[in-house]
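Okay, here's what each chain looks like letter by letter:
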Amino acid sequence: MQPAPAKAIPAEQSGGLKGRGANAPSRHAAIIAFLVYFALAMALQRLAGAGAAFQIDSDSAAHYLTALMFHDYVRSGLPEGPLVYAVRYYGHFPMIGVGHWPPLFHLVPAAWMFIFGTTQSAGLLLLAAITAATAAVLQRLVARTMGTIWGWGAGFIFVTARLVQLASVEIMADSPGTLCALNYLFLAAPVFGPQGVR
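Computed from a predicted structure; not experimentally measured. (Residues numbered from 1 in each chain as written. Predicted model: local features only at pLDDT ≥ 70, side-chain atom pairs only at ≥ 80, totals over all residues. Heavy atoms only, no water.)

Chemist: I tried to follow the overall build of the chain on my own but got confused; where do I start?
Modeler: Counting secondary structure elements, the chain contains nine helices and two strands. A fraction of 75% describes how many contacts in the chain between residues 6 or more apart in sequence connect residues 24 or more apart. Accessible surface, the chain: about 11700 Å² in total, of which carbon and sulfur atoms supply 69%. (Helix = DSSP H or I, 4+ residues; strand = E, 2+ residues; numbered from the N terminus. Contact = heavy atoms within 4.5 Å. Areas by Shrake-Rupley, 256 points an atom, 1.4 Å probe, with all protein chains shown as cover.)

The following block contains the structure:
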């Protein structure tokens, strides 16, 4: 007796990347979601009293200074070997945290500093952008299965959650890590859908 052939799952039910159904937001809706969540994250930063200063603890300060060191090293034209530069930089700013976290974690704020500057206000903009991007990905992920209204609600709940508000005023690995994890879920969800691995 031969097993029955596998039944094809329509794209609308599988959550696949093509033909995701009527509730899936378009790219324009994703950009609008990002902008709305970005404005909300910035407003919540202001209400929390962040203003132009981080709520800095020692880890957050070390991450900021490490990103600033990478920025300064490239901006100065790579004047010497990276280790020699880091040791010299450490002599002036002894809160450098190279090696504790993967370098990409510090390279993202360093690259941001080339565009928006090295001020604390620019750093707060980066944190609001990461929070907004995470909320927009969450919104799209939830909208795939539960609909647009639930997606928007999930994004608003995420941005207004107390722990997220605390993370959006500190340069820490929590926010970028959450963004990376949700992006993975967003991309992997069609593969690991309700019918299992396809």
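Chemist: Where do I start with the nonpolar core in this structure?
Modeler: The tendency in soluble globular proteins is for nonpolar side chains to be buried side by side. Counting 25 residues, the largest nonpolar core has Y37, L138, F158 and V159 as the members making the most contacts within it. At the level of secondary structure, the elements contributing two or more residues to this core comprise α2 (27–47), α6 (120–146), α7 (148–160) and α9 (174–188). Among the elements that make up this core, the one with the highest residue count is α6 (twelve residues). Of all hydrophobic cores here, the second largest spans 16 residues; its members include M69, Y73, M113 and V169. (Core = buried A, V, L, I, M, F, W, Y, C linked by side-chain atoms within 4.5 Å. Buried < 20%, exposed > 50% of the residue type's maximum accessible area, 1.4 Å probe, protein only.)

Chemist: Would you mind going over the packing of α2 against α6 with me for this structure?
Modeler: When two helices pack together, you describe them by how their axes are tilted relative to each other and by the distance separating the axes. Direction vectors running N to C along α2 and α6 enclose 135 degrees, while the axes themselves pass 8 Å from each other. Judged by the angle between their axes, α2 and α6 are oblique. Between α2 and α6 lies a crossing whose hand is right-handed. Along the contact surface, α2 presents A30, A33, F34, Y37, F38, A41, M42 and Q45, while α6 presents L124, L125, L127, A128, A129, T131, A132, A133, A135, A136, Q139 and R140. Residues of the contact of α2 with α6, tallied by class, amount to 16 nonpolar, three polar and one charged. (Axes fitted to C-alpha atoms, helices over the stretch in contact; angles between N-to-C directions. Parallel < 35°, antiparallel > 145°, perpendicular 65-115°, else oblique. Left-handed = near helix turned anticlockwise from the far one by under 90°. Nonpolar A, V, L, I, M, F, W, Y, C, P; charged D, E, K, R; others polar.)

Chemist: I would appreciate a short explanation of a nonpolar patch on the surface in the present structure.
Modeler: Judged by side-chain polarity, V74, L78, F114, I115 and F116 come together as a nonpolar surface patch covering roughly 510 Å² of accessible area. It is helix α5 (residues 103–116) that contributes the most residues to the nonpolar patch, three residues altogether. (Patch = residues over 30% accessible without salt bridge, like charges linked within 9 Å, V, L, I, M, F, W, Y side chains within 5 Å. Salt bridge = Lys/Arg side-chain N within 4 Å of Asp/Glu carboxyl O.)

Chemist: Help me understand the side chain of H63, please; the structure alone is not making it clear to me.
Modeler: In this fold, H63 is placed in helix α3 (residues 58–75). Overall, H63 belongs to the buried group, its relative accessible area being 4%. Once you skip the residues sitting within four places of it in the chain, H63 turns out to touch W101, F105, H106, I171 and M172.

Chemist: For this particular structure, what's the right way to read the packing of aromatic side chains?
Modeler: A ring pair, where both rings are aromatic, is described by two values, the distance of the centres and the angle of the planes. Inspection of the entire model under this criterion finds eight aromatic pairs. Arranged with centres 5.2 Å apart and planes meeting at 40 degrees, the rings of Y89 and F93 form a pair that is tilted. Connected via pairs of aromatic rings, a cluster forms that spans Y73, Y85, Y89 and F93. Directly above the aromatic system of F186 lies the positively charged group of R144, at a separation of 4.1 Å from the ring centroid. (Phe/Tyr/Trp six-rings, centres within 6.5 Å; stacked < 30°, edge-to-face > 60°. Lys NZ or Arg CZ within 6 Å of the ring centre and 35° of its normal.)

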